[in-house]
Amino acid sequence: MPTYKAPLRDMRFLLKDVFQAERALSELPYYVGHETHSADLADQILDEAARFASNVIQPLNMSGDAEGCSVSNGVVTTPAGFKEAFKQFAAAGWTGLDGDPEYGGQGVPHVIGNAVSEMMIGANTAWSMYPGLSHGAYTALKAYASDETKNIYLPKLLAGEWTGTMCLTEPHCGTDLGLLRTKAADNGDGTFNISGTKIFISAGEHDFADNIVHLVLARIEGAPAGTKGISLFLVPKFLVNTDGSLGERNPVVCASLEHKMGIKANATAVLNFDGARGILVGQPNKGMQAMFIMMNGARLGTAMQGLGLGEAAYQNALAYAKDRIQMRHEPRLTPAEPADPIIGYPDVRRMLMTVKAYNEGARALTFWLSLQLDVEHHHPDAAKREEAADIVALLTPVAKAFMTDNGFQGTVLAQQVFGGHGYIKEWGMEQFVRDARIGQIYEGTNGIQALDLIGRKVLGDGGKKLQKLSGLLASFVEENEGNEDLAPMLEVLGKAAQQAGTLTMVIGQKAMQNPDEANAAAVDYLRYIGHVTYAYLFALMSKAALEQIALGNDKEGFYKAKLQTAQFYYAKLFPETKALAATIKAGNDTLAVDDAAMFGIERELVHA
Ligand SMILES: Cc1cc2nc3c(=O)[nH]c(=O)nc-3n(C[C@H](O)[C@H](O)[C@H](O)COP(=O)(O)OP(=O)(O)OC[C@H]3O[C@@H](n4cnc5c(N)ncnc54)[C@H](O)[C@@H]3O)c2cc1C
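Residues numbered from 1 in each chain as written. Predicted model: local features only at pLDDT ≥ 70, side-chain atom pairs only at ≥ 80, totals over all residues. Heavy atoms only, no water.

## Some words on the overall build of the protein
To be explicit about the condition: Secondary structure elements are taken from DSSP: a helix is a run of H or I of four residues or more, a strand is a run of E of two residues or more, and numbering for both begins at the N terminus. Only C-alpha atoms enter the radius of gyration; for comparison, a globular chain is expected to reach 2.2 Å times N to the power 0.38, where N is the number of residues. Only protein chains enter the accessibility calculation, which uses a 1.4 Å probe; a residue whose area is less than 20% of its type maximum is buried, one above 50% is exposed, and one in between is partly exposed. Surface exposure here means Shrake-Rupley accessible area, sampled with a 1.4 Å probe, where a residue is shielded only by the protein chains that are shown. None of His or the chain ends enter the tally, which takes Lys and Arg as positive and Asp and Glu as negative. One atom stands in for each charge, and that atom is NZ of Lys, CZ of Arg, CG of Asp or CD of Glu.
Looking only at helices and strands, the protein features 20 helices and 11 strands. Taken against the 2.2 N^0.38 rule, which gives 25 Å for 608 residues, the C-alpha radius of gyration of the protein at 25 Å falls within 12% of a compact globule. Summarising its shape, the C-alpha atoms of the protein cover approximately 80 × 55 × 55 Å along the three principal directions. By the burial criterion, 54% of the 608 residues in the protein qualify as buried. Counting only carbon and sulfur atoms, one obtains 54% of the accessible surface of the protein, whose full area is about 25900 Å². The protein carries 53 positive and 69 negative side-chain charges, and their two centres are separated by 3 Å.

In structure tokens, the structure reads:
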């Protein structure tokens, strides 16, 4: 049976040594006013969350996977213990951790809220999605709902009395939401009747809470075709009276649950809306804009699934590699035993250190982005808010795709460390692999994240946001010139920032002639930017580790290991960028093959 221990020391390293979070948060009057910016409070929260993750929800991870969810006459039952764990989670205030105190939340910084989320994901990903989706619904309503709606719904969501969902996907449309058919008929009294079918709705129906708040994309009758005619609606499972009490059951019914590869304990529902009453959130036909708020938060949440699962898989693979003896190492590691532990072999170390390095890069990116979110939302200086918002916008698709791709690869490598035992259910490694796979697919596939990066975030604003990232790298290189310990990293970093600009120009120029060029290069380009970002973060971590070593604070070798991980990353993982630069430049030429010869398609192309 696998175990999970929250990586508290690593988290504290990032908060204290690398990002000096307390100091950064002290510049934000919102947190100072609520007294939630201190390192002491963060320490207490992380300790408590770690206990909850390991003691309450991790023990339900394998049983939840084996049992799954079931549905009968629209009523969904979640695996044994799930509901009780959620009640306990809500009662302890975790559901409102980084929520606004005006609505009953605790006003804790996003950077701490997301650290807690990582622990819940690492302990039990399927379970963590129930509060995760609610948090997303809270965020969208807080940004776009009327005061009246906020006053009723937000306290319930933050208290965990009600949960939320995100209803976008329909049978014929996932990526292309412009095709959606769910209709909204105006009742003329401020409500709409919503009709249509949504599929693949995570936490779409369950037995955790008194009510479920569905956030639904639909088209008001007569609205324009495509994404310009989509509006966002709040459709509760039970109608809600003006005093917040529950009214009659709304006709939104779970028709079935999907049978799927992983995250089996999360109920993925097909929902039929049969004239269900809803209210408009935000402006008519501006639903995509409102939903993006939820989707951006959800993308970072999905990114963290790659990290949480990568971490859980790593911890178990490490323990196994120290224990499992096979073959002989030269020199002998355990002479008294008939064989040596597999952790002695470089190839096993390669696998372990790859997973460890990707986890540490991912955690640094998550903490950095979460702190930027705090700045974006609460810094008194508008220029600082804009700068932070640009970094968040640029790197959210990178985090989502790079972290989930590496997370999946990490679970596979950790499974490989177990040899054949990794393939057997009782060790739990195959569950990590199955659970990690979905992160690459939902919340917009990783291919779509890559298109968002190159199209909207980079070429769409003339490279302005990318220049901000390059600027950070260049300043770091300049500030640390002459630091001999960092010199090899600085050299790589300086070149990488330059090459990122060159590659962007290459793609941009080709895309002006043929838009397929951007599509062809997008996934490799995102991976390239992911590596450049991690290289920057590993340089920051190395600098912080060197400082602690110089202060004589490294009796246990914790900081030395940080340096060694960074050196491994630069030597063994970052060089993938060389291949990526070549494949980016290779562009669309070898993909623009003859349709008939390659795919057996006969057609006439019509230009718009
Ligand atoms: C377990 C699970 C849970 C989910 N939870 C939710 C949820 O809570 N709420 C919700 O609304 N949805 C949810 N989804 C849906 C999920 O977000 C979609 O499946 C996903 O966005 C992809 O859409 P699709 O499946 O329709 O694939 P398609 O859109 O049909 O895409 C198929 C393939 O084509 C590629 N593609 C499409 N267009 C382009 C293009 N222009 N250029 C290049 N490549 C392209 C895609 O990248 C993909 O590889 C969930 C799905 C699953 C499986």
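So that's the structure; there's more coming.
## Focus: the site of the ligand
Quick reminder of the rule: Being near a molecule or strand, for a residue, comes down to having at least one heavy atom within 4 Å of it. Here a polar contact means two N or O atoms within 3.5 Å. Within protein one must be a hydrogen donor candidate and the other an acceptor candidate, and residues neighboring in sequence count only if both atoms are side-chain atoms.
Close to the ligand lie 20 residues; Met166, Thr169, Thr175, Phe200 and Thr445 are nearest. Separating an oxygen atom of the ligand from a backbone N or O atom of leucine 168 is a distance of 2.8 Å. Separating an oxygen atom of the ligand from a side-chain N or O atom of threonine 175 is a distance of 2.5 Å. Residue assignment for the shell around the ligand shows that the elements contributing at least two residues are strand E3 (162-167), strand E5 (192-202) and helix H14 (446-458). In terms of residues, the shell around the ligand owes the most to one element, E5, which gives three residues.

## A look at helix H8 (residues 125-144)
Note the cut-off: Here a helix's expected span is defined as the number of its residues, less one, multiplied by 1.5 Å.
Given a rise of 1.5 Å per residue, 20 residues ought to cover 28 Å, and the 28 Å separating the end C-alpha atoms of H8 matches this to within 8%. Counting buried positions along H8 yields 14 of 20 residues, so the element is predominantly enclosed.

## A short note on the packing of aromatic side chains
Spelled out, the test is: What counts as a ring pair is set by centres within 6.5 Å for rings of Phe, Tyr and Trp (its six-membered ring), and what kind of pair is set by the plane angle: stacked under 30 degrees, edge-to-face over 60, tilted for all other angles.
Counted under the stated rule, the structure contains 25 aromatic pairs. Seen in terms of ring centroids, phenylalanine 558 and tyrosine 559 are 5.2 Å apart; in terms of plane orientation they differ by 85°. Their pairing is edge-to-face. Comparing phenylalanine 558 with tyrosine 559 shows no difference in burial state: the two are buried. Following the ring pairs from residue to residue traces out a cluster consisting of Phe52, Phe86, Phe89, Trp94, Trp127, Tyr130 and Phe208.

## Quick look at unusual backbone geometry
Of the consecutive residues glutamate 330 and proline 331, the connecting peptide bond is found in the cis state with omega at 0°. Of note, the phi angle at isoleucine 263 is positive, near 30°, even though the residue is not glycine. Assignment of secondary structure puts isoleucine 263 in the loop between strand E10 (252-257) and strand E11 (268-281). For isoleucine 263, a relative accessible area of 4% gives the class buried.

## With respect to the pattern of salt bridges
As a reminder of what qualifies: Here, a salt bridge means any Lys or Arg side-chain nitrogen found within 4 Å of an Asp or Glu carboxyl oxygen.
In total, this model carries 29 salt bridges according to the counting rule given. One salt bridge connects arginine 12 with aspartate 47, and the closest N-O pair in it is separated by 2.8 Å. One end of the pair, arginine 12, is in helix H1 (residues 8-18); the other, aspartate 47, is in helix H4 (residues 39-57), and 35 residues separate them in sequence. Residue aspartate 47 is classed as partly exposed on the basis of its relative accessible area of 29%. Lysine 425 serves as the salt-bridge partner of glutamate 430, at 3.5 Å between the closest nitrogen and oxygen. The class for glutamate 430 is buried, based on a relative accessible area of 12%. One network of salt bridges, with partners in common, ties together Asp10, Glu118, Glu311, Lys356, Glu360, Arg363 and Lys562.

## As for the nonpolar core
Filter applied, for reference: Nine residue types can take part in a nonpolar core, namely buried Ala, Val, Leu, Ile, Met, Phe, Trp, Tyr and Cys, and a core is a set of them joined through side-chain atoms within 4.5 Å. By the convention used here, residues are in contact when the closest approach between their heavy atoms is within 4.5 Å.
Ranked by size, the top nonpolar core spans 189 residues in total, and within it Met119, Leu141, Leu395, Ile529 and Tyr569 carry the most contacts. Tallying contributions element by element places helix H17 (residues 516-550) first for this core, with 19 residues. The contact partners of leucine 395, leaving out residues within four places of it in the chain, are Leu365, Trp368, Leu369, Leu469, Ile529 and Thr533.

## As for the packing of H1 against helix H11 (residues 346-378)
Note the cut-off: Here an angle of 0 to 180 degrees is reported between the N-to-C directions of two axes, which are lines fitted to C-alpha atoms, with helices fitted over the stretch in contact. For classification purposes, angles smaller than 35 degrees are called roughly parallel, those larger than 145 roughly antiparallel, those between 65 and 115 roughly perpendicular, and all remaining angles oblique. The hand of a helix crossing depends on one turn: near helix anticlockwise from the far one by less than a right angle means left-handed, and clockwise means right-handed. In this classification, the charged set is Asp, Glu, Lys and Arg, the nonpolar set is Ala, Val, Leu, Ile, Met, Phe, Trp, Tyr, Cys and Pro, and all remaining amino acids, among them Gly, are polar.
Contact pair H1 / H11: the axes reach a minimum separation of 10 Å and the direction vectors enclose 45°. Our classification of the angle between H1 and H11 gives oblique. The chirality of how H1 crosses H11 is right-handed. Contact residues: H1 offers Asp10, Met11, Leu14 and Leu15, while H11 offers Glu360, Arg363, Ala364 and Phe367. Residue composition of the contact of H1 with H11, grouped by class: five nonpolar, no polar and three charged.

## Observations regarding the environment of glycine 275
Following the sequence through the fold, glycine 275 ends up in strand E11. Using a relative accessible area of 23% as the deciding quantity, one classes glycine 275 as partly exposed. Separated by 13 residues in sequence, glycine 275 and glycine 262 place their C-alpha atoms 32 Å apart. For glycine 275, the contacting residues outside a window of four places in its chain are Asn193, Ile194, Ser195 and Pro251.

## Regarding the pairing of strand E9 (residues 246-249)
Definition in use: Only when DSSP finds a minimum of two bridges between them are two strands counted as paired.
Bridge count for strand E8 (residues 238-240) against E9 is two bridges, and the pairing is antiparallel. Counted as the bridge partner of phenylalanine 238 is arginine 249 from E9. Joining the antiparallel neighbours E8 and E9 is a turn of five residues, in which glycine 244 adopts a positive phi near 90°.

## Here we look at the side chain of histidine 531
Considering the arrangement of structural elements, one finds histidine 531 in helix H17. On the basis of relative accessibility, which here comes to 0%, the residue histidine 531 falls in the buried class. A distance of 2.7 Å separates polar atoms of two side chains, one belonging to histidine 531 and the other to tyrosine 569. Contact partners of histidine 531, with chain neighbours within four places excluded, come to Tyr358, Phe402, Tyr569, Leu573, Phe574, Glu576, Thr577 and Leu580.

Any functional reading would require information beyond the geometric quantities listed.
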